[in-house]
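The residues making up each chain are set out below.
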Amino acid sequence: WLDHAARLGLSPRSLIIEITEAVLLDGAAQVGERLRALREMGLQVALDNFGTGYSSLAYLKHFGIDLLKLDHSFIQHLAHDSGDLAMCEALILMAHKLGLRVVAEGVETAAQRNLLELAGCDFAQGHVYAPAMPAPAFGALARQGLPPPGE
């Protein structure tokens, strides 16, 4: 992947390895060594489904996590549930204080996207932007670019 990124003129930092909290629990020493090696190569590490498992805050520092991915379960009722909004705001603030960026998963509506943007979420992914699609369709979408938010 590093060679492919280099051929495309991309930095290794453009590659993000996603792991789940469960991976950190299984063979933590081996996982830690492998993650450190990947980060030394310049790759970033994202902790997927954050907030749904054990969510040990020590993992964030010990394993050199770059991004937290908020699980879609926090996002799905965001516009109607002030508890979910408070949780998202708290997790985003905590992540930023720790120097991490935040990705919201499963953003389906403009209302959810707008609330997350107001909460300071760095990135979002979900059907509000585009549905799942085959690689050629994604390539075409990437070449044309996404419309600005709100369109």
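Details of the structure are given in the entry above.
Residues numbered from 1 in each chain as written. Predicted model: local features only at pLDDT ≥ 70, side-chain atom pairs only at ≥ 80, totals over all residues. Heavy atoms only, no water.

Peer 1: Quick question: what am I supposed to make of the overall build of the protein here?
Peer 2: For the protein, the helix and strand inventory stands at 8 helices and 5 strands. Moving toward the C terminus, one meets the helices and strands of the protein in the order α-β-α-α-β-α-β-α-α-β-α-β-α. Radius of gyration (C-alpha) of the protein: 16 Å, near the 15 Å computed for a compact globule of 151 residues. Taking the principal axes of its C-alpha atoms as reference, the protein extends roughly 40 × 40 × 25 Å. Per-residue burial over the protein gives 33% buried out of 151 residues. When contacts within the protein are restricted to residue pairs at least 6 apart in sequence, long-range pairs at least 24 apart make up 54% of them. (Helix = DSSP H or I, 4+ residues; strand = E, 2+ residues; numbered from the N terminus. Rg over C-alpha atoms; globule rule 2.2 N^0.38 Å. Buried < 20%, exposed > 50% of the residue type's maximum accessible area, 1.4 Å probe, protein only. Contact = heavy atoms within 4.5 Å.)

Peer 1: Is there a simple way to think about the pattern of salt bridges in this case?
Peer 2: When the charged atoms of two side chains lie near each other, side chains of opposite charge can form a pair. Tallied over the full model, the rule gives 3 salt bridges. In this structure, the salt-bridge partner of E18 is K69, at a minimum N-O distance of 2.7 Å. Taken together, the positions of E18 in strand β1 (residues 16–20) and K69 in strand β3 (residues 67–70) put the pair 51 residues apart, joining distant regions of the chain. Between R39 and D66 there is a salt bridge whose closest N-O contact spans 2.7 Å. One end of the pair, R39, is in helix α3 (residues 28–40); the other, D66, is in the loop between α4 (57–62) and β3, with 27 residues separating them in the sequence. By relative accessible area, R39 is classed as partly exposed at 33%. (Salt bridge = Lys/Arg side-chain N within 4 Å of Asp/Glu carboxyl O.)

Peer 1: Even after reading the chapter, I still don't get the sheet that holds strand β5 (residues 123–124), so can you show me in this structure?
Peer 2: Remark on secondary structure: sheet strands pair via backbone hydrogen bonds, oriented parallel or antiparallel. Strand order in the open sheet formed by 5 strands is β1-β2-β3-β4-β5, and the pairing between neighbours is parallel. Strands with a single pairing partner mark the edges of an open sheet, and in this sheet they are β1 and β5. With 5 bridges connecting them, β1 and strand β2 (residues 44–50) associate as parallel partners. The residue bridging E18 from the neighbouring strand is A46, located in β2. (Pairing = 2+ DSSP bridges.)

Peer 1: Explanation requested: unusual backbone geometry in the structure shown.
Peer 2: Trans is the prevailing form of peptide bonds, just as negative phi is the prevailing case for residues other than glycine. For N49, which is not glycine, the phi torsion reads 60 degrees and is therefore positive. With respect to the helices and strands, the residue N49 is situated in strand β2.

Peer 1: What is the right way to look at the side chain of D48 in this model?
Peer 2: Note that D48 resides in strand β2. For D48, which is buried and forms no salt bridge, the nearest opposite charge comes from K69, at a distance of 4.1 Å. Every residue in contact with D48, bar those within four places of it in the chain, is listed here: E18, I19, T20, E21, K69 and E105. (Lys, Arg positive; Asp, Glu negative; His and termini not counted.)

Peer 1: In this structure, what is going on with helix α6 (residues 82–97)? I would like to understand it.
Peer 2: Think of an α-helix as 3.6 residues a turn; residues three or four steps apart then line up on the same face. Between its terminal C-alpha atoms α6 stretches 22 Å, which fits the 22 Å expected from 16 residues at 1.5 Å a residue. On its buried side, α6 packs onto β2, β3, α5 (72–75), β4 (101–104) and α7 (110–118). Once α6 finishes, G99 follows within two positions and takes phi at roughly 80 degrees, a positive value. (Expected span 1.5 Å × (residues − 1).)

Peer 1: Please explain the pairing of β2 as it appears in this structure.
Peer 2: One face of the sheet, then the other: side chains in a regular strand alternate in exactly this way. Counting buried residues along β2, 6 of its 7 residues qualify, which places the element largely inside the surrounding structure. Pairing between β2 and β3: 3 bridges, direction parallel. Paired with L47 across the bridge in β3 is L68.

Peer 1: Whenever I open this one, the nonpolar core confuses me. Can you help?
Peer 2: L24, L35, L47, I65, L68 and L116 are the most contacted members of the largest nonpolar core, which has 32 residues in total. When residues of this core are traced back to their parent elements, those giving at least two are α3, β2, α4, β3, α5, α6 and β4. Looking at which element gives the most residues to this core, the answer is α6, with 5 residues. Excluding its chain neighbours within four sequence positions, the residues that come into contact with L116 are I75, L78, C88, I92, A104, V107 and C121. (Core = buried A, V, L, I, M, F, W, Y, C linked by side-chain atoms within 4.5 Å.)

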